[in-house]
Amino acid sequence: MAPELARDVHALLGEARPIRDERNKFAHAVFVLDPTKPEGDQWILRSARDVEFRPLTPELGARLVISANNLSQRAVNLRQRAAAGRVSGQP
């Protein structure tokens, strides 16, 4: 792989890690109802990494989706660059 392409792939993976971790936090959490908490705060989430956090809000969900879609598009562009390099005979 060309060094510039390798740097770009590495950068993309670095940017994707926190998005993936945030997505996984919500995807693998367990909802718990705590009636001792004030109304509106009774539903909490728990996961292996986070003892307690609030459910996903529409705003945060939208940001995660937008970020993931942008990363996905960049990944497509990197894949195309990698394929073009192979066609032209570059390693």
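Participant: Quick rundown of the packing of aromatic side chains? Include the residues and the values.
Facilitator: Under the defined criterion, the tally for this structure stands at two aromatic pairs. Residues Phe26 and Phe53 carry aromatic rings whose centres are separated by 5.4 Å and whose planes lie at 80° to one another, so their mutual orientation is edge-to-face. Note that Phe26 is positioned in helix α1 (residues 3-27) and Phe53 in the loop between β2 (43-46) and α2 (58-87), a separation of 27 residues in sequence. Across the pair, exposure class does not vary: Phe26 and Phe53 are buried alike. Note on Phe31 and Trp43: the rings are 6.1 Å apart at their centroids and 80° apart in plane angle, and the pair reads as edge-to-face. With a gap of twelve residues between them, Phe31 in strand β1 (residues 30-33) and Trp43 in strand β2 connect regions that are remote in the sequence. Positioned over the ring face of Phe53 is Lys25, at 4.7 Å from the centre of the ring.

Participant: Please provide a residue-by-residue account of the pattern of salt bridges, values included.
Facilitator: On inspection of all chains with the given rule, the structure shows eight salt bridges. Salt-bridge contacts for Glu15 lead to Arg74; the nearest nitrogen and oxygen are separated by 2.7 Å. Within this pair, whereas Glu15 is found in helix α1, its partner Arg74 is found in helix α2, the two being separated by 59 residues in sequence. Shared partners join several salt bridges into a network, and the residues in it are Glu4, Asp8 and Arg81.

Participant: Talk me through the environment of Ala2; I want residue IDs and the actual numbers.
Facilitator: As for its position among the elements, Ala2 is in the segment before α1. Once the C-alpha coordinates of Ala2 and Arg81 are considered, the two residues, 79 residues apart in sequence, prove to be 9.9 Å apart.

Participant: Lay out α1 with the relevant residues and their values.
Facilitator: The first and last C-alpha atoms of α1 sit 35 Å apart over 25 residues, in line with the 36 Å expected at 1.5 Å per residue. Restricting attention to buried positions, one finds in α1 the residues Leu5, Leu12 and Phe26.

Participant: Help me get a handle on the environment of Gly14, residues and values and all.
Facilitator: By the secondary structure assignment, Gly14 is in helix α1. Taking the C-alpha atoms as reference points, Gly14 and Pro3, eleven residues apart in sequence, are found 16 Å from one another.

Participant: Any details on the environment of Leu5? Residues and values, ideally.
Facilitator: Its location among the elements puts Leu5 in helix α1. Relative accessible area serves as the criterion here: at 9%, Leu5 is assigned to the buried category. The residues touching Leu5, leaving out its near neighbours within four places in the chain, are Leu78, Arg81 and Ala82.

Cut-offs used in this document
Residues numbered from 1 in each chain as written. Predicted model: local features only at pLDDT ≥ 70, side-chain atom pairs only at ≥ 80, totals over all residues. Heavy atoms only, no water. Phe/Tyr/Trp six-rings, centres within 6.5 Å; stacked < 30°, edge-to-face > 60°. Helix = DSSP H or I, 4+ residues; strand = E, 2+ residues; numbered from the N terminus. Buried < 20%, exposed > 50% of the residue type's maximum accessible area, 1.4 Å probe, protein only. Lys NZ or Arg CZ within 6 Å of the ring centre and 35° of its normal. Salt bridge = Lys/Arg side-chain N within 4 Å of Asp/Glu carboxyl O. Expected span 1.5 Å × (residues − 1). Contact = heavy atoms within 4.5 Å.

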